[in-house]
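One-letter residues, chain by chain:
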Amino acid sequence: MPHVSITRRYRFCAAHRLNTEHLTPEANRAVFGKCNNPNGHGHNYVVLVTVKSGGSQEARDLEPLDRVVNEAIVRRFDHQDLNRDPEFAELTTTGENLVKLIWDLLESRVPAGCLEKVGVVETRDNYFEYAGSAQDAGGLRG
Ligand SMILES: [Zn+2]
């Protein structure tokens, strides 16, 4: 069904370190390079949240989305160490895992079928995008 989407942009700053207990210290250094630095490092993350447009999109219509994202994502991660977040206790804080976590946190909080995709800009050259499992299951076969 053709439709218009709208994407809102949010930001948070957070520290992390790419490291997994499943690898030796040497292997971690080899896989993650300088992102394995024991002192960690930070990013100015940009989160792009795309939802189906309700038609005439006015600023006030986006207030509920802004509230959800600010409460569930920005307040949770801004100026935090991602490695200390309970959701990352067993997961490496890669952009792939972060964008999936943000999707999961938002999908349960916005009206069903409203969320289309989530993007995370980690660095100038790294962008991660996730559109949930529903799209994987449907796709062109539907
Ligand atoms: Zn990093």
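Note that the structure is predicted; figures quoted are calculated from it, not measured.

Draft legend 1. Layout of the environment of Pro38. Positionally, Pro38 belongs in the loop between helix H1 (25–32) and strand S2 (41–52). Linking Pro38 and Arg17, residues 21 residues apart in sequence, is a C-alpha distance of 7.1 Å.

Draft legend 2. View of the sheet that holds S2. Read across the open sheet, the five strands follow the order S3-S1-S2-S4-S5; overall the sheet is mixed. Taken across any chain shown, the strands that pair with only one partner, and hence form the sheet edges, are strand S3 (80–81) and strand S5 (127–130). Relative to S3, strand S1 (residues 5–16) runs parallel, the two being bridged by two bridges. In the sheet register, Ala14 faces S3, and the bridge partner there is Gln80. The strands touched by helix H3 (residues 95–107) within the sheet are S2, strand S4 (115–121) and S5, with S4 carrying the most contacts at an inclination of about 145 degrees.

Draft legend 3. Geometry of helix H2 (residues 63–77). Here H2 is 15 residues long and its end C-alpha atoms lie 20 Å apart, about the 21 Å a rise of 1.5 Å per residue gives. The sharpest bend along H2 comes to roughly 40 degrees, located at Asn70. Turning to H2, its buried residues number three or more, namely Leu65, Val69, Ile73 and Phe77. The inward-facing, buried residues of H2 contact S1, S2, S3 and H3. The positive-phi residue at the C-terminal boundary of H2 is His79, with phi of around 60 degrees.

Definitions and cut-offs
- Residues numbered from 1 in each chain as written.
- Predicted model: local features only at pLDDT ≥ 70, side-chain atom pairs only at ≥ 80, totals over all residues.
- Helix = DSSP H or I, 4+ residues; strand = E, 2+ residues; numbered from the N terminus.
- Pairing = 2+ DSSP bridges.
- Contact = placed C-beta atoms within 7 Å.
- Axes fitted to C-alpha atoms, helices over the stretch in contact; angles between N-to-C directions.
- Expected span 1.5 Å × (residues − 1).
- Bend = angle between axes of the 7 residues up to and from the residue.
- Buried ≥ 20, exposed ≤ 12 C-beta atoms within 10 Å, placed from the backbone.

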